Amino acid sequence: MSEQFPNMDYDADEVINGFKEKFKWPKANEVQAVVKPGKIGLRLLISAVITAVAGSVLYYMMLPALNFKDSQMYIFIIALIVVFMAAFSFACRANKLIERKEYVKKKSVIPLIIVAVIVAVMAIGWICGATIFRAGSYSKLMPVTESKFSEDFKSISYDSVPRIDQSRALTLADQQLGSLSEYKSQYVVSNTTTMINYNGNPVRVAYLEYADMFKWFNNTKEGLPAYMIIDLVTQKVTVVNCKEQFGEGIKYSPTELFNEKLFRHIRFQYPTALLDTPNFEIDDDGRPYWITPVLDKTIGLFGGTDVKGAVITDALTGESNYYDIEEVRTNAELQWIDVVYSENLVIEQYNYYGKLKNGFWNSIIFQNDVNLTSAGSGSIALDDDVWVYTGVTSSEADSSNFGFILCNQRTKETRYYQNGGAMENAAQQSAQDAVQNYGYRAIFPILLDIEGRPTYFMGLYGSSNTVKGYALVNLEDKTIVGTGLLDNTNKSDAQALNAAVENYISALQDKGMIGNDVDIDDYIVNDSNNNQQPDTPAETDGDTVKGTVASVKTSVNNGNTYYYLEIDGKYYYISVAECMEVLLVNTGDTVTVTVGDHSDGVFVQAKNVAK
């Protein structure tokens, strides 16, 4: 019986596995055949079109300079290669057919070699510009000359130097914008300002921005209607209406979109230029311009950043002209330009000079004659230009400076003054200690010459970023301090400044640093620039004012909505976060306002508003 049947002695699992082996999909490393796709020319064309489209979008967003000294250009090229190979792989259906995947792999060798070469060029270019090999070249980027404090600073009067910093200037500009009904809530003040010397006065200029994208759609055709000038001495804000003054608004700015966006507009005009951040400035007639420094990498491929020229762009028309840096320095018609060298760049270049003038290894190991700029910097107006000021200290971050520098932001002329003493932060702390019961904050100081003595001058700010007074601190002896506060005695800005100078000179006399024959009247500032209205008593902290609201205006500052209630010619402002009831106030309502601790003429801070 058994001879009539076949042998049934077999393993079912072996049969199934053998069946699977015959029909399974091969692994990539098991495929030897490389199949060239048909219509390869068409597939290459499709890949090229996809790369061109993606590359155009990428270039429109990245805006790299077509310059071998721009690292962004190399990244852009690598991105194009990656996009092309991805598009070619997709066009060949390498994701579906494994034999075509092998074909694409083989064709990817050349693009990979190109990427490797690009990376190697970048690495070699960086090494050639490394400070370890080129310390001498870096130390020569900024020529530094020694100068005398008593000669250069004798023409700077303490009543004509900036009394407020950028943060306070922005606050004043925002308050002014809130009072302008014609601009309503369409615009906000830009977060940055440019300090310039305008007709002999230190001012900051601020441009407007669209409040959001919808406001841009609504207003971009007409452009930004105005800009603001903040006087750093009188603290007055002037709104310049471009449409009234020049017949058109600002059409090109960082707040625009698409081709009117400033950096993109300049890039399309100068595709190979290494562009720095544009600065907003105005000429002597008040016409707005954008000053864009054009950079050069002078050491290796990417090192030794310096300025080689500037692009001057009319903010109204977009017309641009390039000027070489020597022409910017010497052409009298361009002397209105104030900022070509940024604060960051000049401080970086001085630090190269201070660290590397005796070699790279000396800056690391021996540190002989190594010095650096101190933390922080300020600006002063001198010789019809704007100069960056900062102290110079040792590499060990001592508690004192052994000198300071001034650097011209138009010409890069740098002067070193060998006047040592307290560091800026130490002077700030001395000023704050003198008014510690008020809790005021001292802003970054600048140096002045008071009776031949180098003296730090700084403003004192309250918790709401308002000027509460002034302080003078001696450079050589930080315990010599003079303060003047805006209070019931000194009701005006000028009176507070006079009090600070009187107290400081008295402190110098007490220490025997100057004679008793100094006439303090020589330093008295008149009250003509005071913002307080004549014959109007100044409201003080806690006072209440009751009146009828003539108008209600709003503005947004640092994400907070502020309401400005016009009562008897003054604007009482308060944020919604501080008083929700202000949302219910309308024109014609009678309200009671509790006055806060700050008043700027027609602008008065409020603590509370009740109907």
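Calculation criteria
- Each chain carries its own residue numbering, running from 1 in the written order of its sequence.
- Note on the predicted model: pLDDT of at least 70 is required for a residue's local features to be given, and 80 or more for side-chain atom pairs to be given and counted; whole-chain, interface and lining totals, by contrast, use all residues.
- Note that the side-chain values use all heavy atoms of the structure and ignore hydrogens as well as water.
- Working definition: helices are DSSP H or I runs of at least four residues, strands are E runs of at least two. Numbering for both runs from the N terminus.
- Here's how the labels work: a residue is buried when its accessible area is under 20% of the maximum for its type, exposed when over 50%, partly exposed in between, all with a 1.4 Å probe on protein chains only.
- The contact rule is simple, with two residues in contact once any of their heavy atoms fall within 4.5 Å.
- Values of accessible area rely on a 1.4 Å probe in the Shrake-Rupley scheme; residue burial ignores everything except the protein chains shown.
- Patch members must show over 30% relative accessible area and no salt bridge, and they are joined within 9 Å when carrying like charges or within 5 Å when they are nonpolar side chains of Val, Leu, Ile, Met, Phe, Trp or Tyr.
- Should a side-chain nitrogen of Lys or Arg be within 4 Å of a carboxyl oxygen of Asp or Glu, the pair is scored as a salt bridge.
- The length a helix should cover is 1.5 Å for every residue beyond the first.
- Here a polar contact is taken to be a pair of N or O atoms separated by no more than 3.5 Å, where protein atoms must pair a possible hydrogen donor with a possible acceptor and residues adjacent in sequence count only if both atoms sit in side chains.
- Whether two aromatic rings pair depends on their centres lying within 6.5 Å, for rings of Phe, Tyr and Trp, where Trp uses its six-membered ring; planes under 30 degrees apart make the pair stacked, over 60 edge-to-face, and the rest tilted.
- Interaxial angles span 0 to 180 degrees and are taken between N-to-C directions of axes, which are lines fitted to C-alpha atoms, for helices over the stretch in contact.
- Roughly parallel means an angle under 35 degrees; roughly antiparallel means over 145; roughly perpendicular covers 65 to 115; every other angle is labelled oblique.
- Residues are grouped as follows: Ala, Val, Leu, Ile, Met, Phe, Trp, Tyr, Cys and Pro are nonpolar; Asp, Glu, Lys and Arg are charged; every other residue, Gly included, is polar.
- Only buried residues count toward a nonpolar core, which is a set of Ala, Val, Leu, Ile, Met, Phe, Trp, Tyr and Cys residues joined through side-chain atoms within 4.5 Å.
- What makes two strands pair is DSSP finding at least two bridges between them.
- In this tally, Asp and Glu contribute negative charge and Lys and Arg positive charge; neither His nor the terminal groups of the chain are included.
- Think of each charge as sitting on NZ of Lys, CZ of Arg, CG of Asp or CD of Glu.
- Each residue gets a pLDDT score, which is the predictor's confidence in that residue and runs from 0 to 100.

Visitor: Just to check I follow, could you spell out the overall build of the protein chain for this structure?
Guide: If you tally the helices and strands in the protein chain, you get 16 helices and 29 strands. Across the 611 residues of the protein chain, 50% fall into the buried class. Sequence-distant contacts, at least 24 apart, represent 57% of the contacts inside the protein chain between residues at least 6 apart. Total accessible area on the protein chain stands at roughly 29600 Å², and carbon and sulfur atoms take up 52% of it.

Visitor: Explanation requested: a nonpolar patch on the surface in the structure shown.
Guide: A cluster of nonpolar side chains, namely L42, L45, I46, V49, I50, V53, V57 and M61, defines an oily patch on the protein surface of about 740 Å² accessible area. Along the chain, V49 turns up in helix 2 (residues 40-62).

Visitor: Please clarify how helix 3 (residues 71-91) should be interpreted in this entry.
Guide: Note: α-helices contain 3.6 residues per turn, so residues at a spacing of three or four share the same orientation. Given a rise of 1.5 Å per residue, 21 residues ought to cover 30 Å, and the 31 Å separating the end C-alpha atoms of helix 3 matches this to within 8%. Among all positions of helix 3, only M73, Y74, F76, I81, M85, A87, F88 and A91 are buried. Between the side-chain oxygen at the start of helix 3 and the backbone nitrogen of Q72 there is a gap of 3.1 Å, and the oxygen is on D70. One or two steps after helix 3, the chain reaches R93, where phi turns positive at roughly 55 degrees.

Visitor: Help me understand the environment of K36 in this model?
Guide: Its location among the elements puts K36 in the loop between helix 1 (12-23) and helix 2. By relative accessible area, which is 54% here, K36 ends up exposed. Residues K36 and K101, spaced 65 residues apart in sequence, show a C-alpha to C-alpha distance of 9.8 Å.

Visitor: Would you mind going over the packing of aromatic side chains with me for this structure?
Guide: Any pair of aromatic rings gets described here by the distance separating the centres and the angle formed by the planes. This structure, assessed with the given rule, holds 28 aromatic pairs. Look at W216 and F258: their rings are 5.8 Å apart centre to centre, the planes differ by 55 degrees, and that puts the pair in the tilted class. Within this pair, whereas W216 is found in helix 9 (residues 213-219), its partner F258 is found in the loop between helix 10 (242-246) and helix 11 (262-269), the two being separated by 42 residues in sequence. Using a relative accessible area of 48% as the deciding quantity, one classes F258 as partly exposed. Here Y564 and F603 contribute two aromatic rings whose centre-to-centre distance is 6.2 Å and whose plane-to-plane angle is 85 degrees, an arrangement assigned as edge-to-face. Here F603 lies in strand 29 (residues 603-610) and Y564 lies in strand 26 (residues 560-567), a separation of 39 residues in the sequence. For the residue pair Y564 and F603, the accessibility class agrees, reading buried in each case.

Visitor: I'm lost on the packing of helix 6 (residues 131-139) against helix 13 (residues 343-356) in this one. Help?
Guide: Between two packed helices, the angle of one axis relative to the other and the distance separating the axes together describe the packing. Relative orientation of the contacting elements helix 6 and helix 13 amounts to 110 degrees, with a least axis distance of 9 Å. One way to sum up the angle between helix 6 and helix 13 is to call them roughly perpendicular. For the pair helix 6 and helix 13, contact is made by T131, A135, Y138 and S139 and by Y352, Y353 and L356, respectively. Looking at the contact of helix 6 with helix 13, its residues break down into 5 nonpolar, 2 polar and no charged.

Visitor: Whenever I open this one, the pattern of salt bridges confuses me. Can you help?
Guide: With the rule as written, the count across this model stands at 15 salt bridges. Two residues, R453 and E476, come together in a salt bridge whose shortest N-O distance is 3.6 Å. Of this pair, R453 sits in strand 21 (residues 453-461) while E476 is found in the loop between strand 22 (467-474) and strand 23 (481-485), placing the two residues 23 residues apart along the sequence. A residue is classified by how much of its surface remains accessible, and E476, at 48% relative accessible area, is partly exposed. Residues participating in the shared-partner salt-bridge network are D152, D383, E413 and R415.

Visitor: Explain the nonpolar core here, please?
Guide: The tendency in soluble globular proteins is for nonpolar side chains to be buried side by side. Ranked by internal contacts, the top residues of the largest apolar core, which has 93 residues, are F153 and M458. Ranked by residue count, the leading element in this core is helix 16 (residues 493-510), at 9 residues. If sequence neighbours within four positions are ignored, M458 has contacts with A427, Q428, A431, A442, I443, P445, Y470, A471 and V473.

Visitor: What am I meant to see in the pairing of strand 11 (residues 320-324) here?
Guide: Moving residue by residue along a regular strand, the side chains alternate between the two faces of the sheet. As paired strands, strand 10 (residues 303-314) and strand 11 are joined by 5 bridges and run antiparallel to one another. Bridge pairing links I312 to N321 in strand 11. Connecting the antiparallel pair strand 10 and strand 11 is a turn made up of 5 residues, with G318 showing a positive phi of about 85 degrees.

Visitor: Whenever I open this one, unusual backbone geometry confuses me. Can you help?
Guide: Across residues other than glycine, the phi torsion is negative in most instances, and most of the peptide bonds are trans. In this model, N199 sits at a positive phi of 50 degrees, which is unusual for a non-glycine residue. You can see N199 is positioned in the loop between strand 3 (194-198) and strand 4 (201-210). Accessibility expressed as a relative area gives 48% for N199, which makes it partly exposed.

Visitor: What is the right way to look at helix 11 in this model?
Guide: Here helix 11 has its buried residues at L262, R264, H265, I266 and R267. Buried residues along helix 11 sit in contact with helix 2, strand 7 (274-275), strand 9 (288-299), strand 10 and strand 11.

Visitor: Honestly, the side chain of N465 in this entry has me stumped. Any pointers?
Guide: Tracing the backbone shows N465 in the loop between strand 21 and strand 22. A relative accessible area of 15% places N465 in the buried class. At 3.4 Å, the side chain of N465 and the backbone oxygen of S167 are in polar contact.

Visitor: Any chance you could explain a negative patch on the surface here in plain terms?
Guide: On the surface, E451, E502, D517, D519, D521 and D522 cluster together into a negatively charged patch. By the element assignment, E451 lies in the loop between strand 20 (446-450) and strand 21. Residue classification places E451 among the partly exposed residues on the basis of a relative accessible area of 32%.

Visitor: Hey, could you run me through the pairing of strand 8 (residues 279-282) in this one?
Guide: Taking every second residue as pointing to the same face, both faces of strand 8 are buried, with N279 and E281 on one and F280 and I282 on the other. When strand 8 meets strand 9, the two strands line up antiparallel, connected through 4 bridges. What sits directly across from N279, in strand 9, is I291. Between strand 8 and strand 9, which pair antiparallel one after the other, the connecting turn spans 5 residues, and G286 there sits at a positive phi close to 85 degrees.

Visitor: Help me out: how do you make sense of the confidence of the model for the protein chain in this one?
Guide: When pLDDT drops low, the exact placement of atoms in the prediction is not to be read closely. Mean pLDDT over the protein chain stands at 88; residues scoring 70 or higher make up 90%. Contacts from residues 528-537, a stretch scored under 50 in pLDDT, to residues over four places away or in other chains number 15 contacts.

Visitor: Would you take a moment to explain the environment of K69 for this structure?
Guide: Topologically, K69 is positioned in the loop between helix 2 and helix 3. K69 sits 231 residues away from G300 along the chain, and the two C-alpha atoms are 8.7 Å apart. Excluding its chain neighbours within four sequence positions, the residues that come into contact with K69 are L274, D296, K297, L301 and F302. Engagement of the side chain of K69 in a polar contact is seen with the side chain of D296, the distance being 3.1 Å. In terms of polar contacts, K69 uses its side chain to reach the backbone carbonyl oxygen of K297, at 3.0 Å.

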